[in-house]
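Remarks on the overall topology
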Amino acid sequence: MDTLSDDSLLEIFDFCRQILIMPWQPYWDWHTMVHVCRRWRQLIFASPRRLELQLVCKSRTPVKRIL
């Protein structure tokens with residue numbers, strides 16, 4: 001994975017985002033990906049619009065814990 005450029009990784013992340021969105025979960029579970037490594041975290045947080053990052057608050061989710 002270290003040999004892939006940042007642009008290539010972004011393409012992969014964007015592709016995953018598009019195929020992983022399901023009718024019962026209309027958002028991408030990106031926060032799991034940012035725990036893989038520092039490079040992925042920096043890359044994902046640097047591209048919030050392209051990857052359509054969203055914070056999802058459910059009825060029982062403490063907002064303080066998410067942020």
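For the structure, check the block above.
In short, a report on the structure. (Residues numbered from 1 in each chain as written. Predicted model: local features only at pLDDT ≥ 70, side-chain atom pairs only at ≥ 80, totals over all residues. Heavy atoms only, no water.)

A closer look at unusual backbone geometry
The phi torsion at Glu52 lies on the positive side, around 50 degrees, for a residue other than glycine. Since its relative accessible area comes to 44%, Glu52 is described here as partly exposed. (Buried < 20%, exposed > 50% of the residue type's maximum accessible area, 1.4 Å probe, protein only.)

A short note on the packing of aromatic side chains
Within the structure shown, the criterion is met by one aromatic pair. Judged by centre distance (5.0 Å) and plane angle (70 degrees), the rings of Phe13 and Trp40 are edge-to-face. One end of the pair, Phe13, is in helix 1 (residues 6–20); the other, Trp40, is in helix 2 (residues 38–45), and 27 residues separate them in sequence. According to the relative accessible area criterion, Phe13 is buried, its value standing at 1%. (Phe/Tyr/Trp six-rings, centres within 6.5 Å; stacked < 30°, edge-to-face > 60°. Helix = DSSP H or I, 4+ residues; strand = E, 2+ residues; numbered from the N terminus.)

A short note on the pattern of salt bridges
Going through the model one piece at a time under the given rule, you end up with two salt bridges. Notably, a salt bridge pairs Asp6 with Arg39, separated by 3.0 Å at the nearest N-O pair. Of this pair, Asp6 sits in helix 1 while Arg39 is found in helix 2, placing the two residues 33 residues apart along the sequence. Judged by its relative accessible area of 24%, Arg39 falls in the partly exposed class. For Glu11, the salt bridge identified is with Arg50, shortest N-O distance 2.5 Å. Linking Glu11 in helix 1 with Arg50 in the loop between helix 2 and helix 3 (63–66), this pair joins segments that are 39 residues apart in sequence. In this structure Glu11 comes out as partly exposed when scored by relative accessible area, which is 48%. Given a relative accessible area of 33%, Arg50 falls into the partly exposed group. (Salt bridge = Lys/Arg side-chain N within 4 Å of Asp/Glu carboxyl O.)

Limitation: the analysis is restricted to geometry and does not speak to function.
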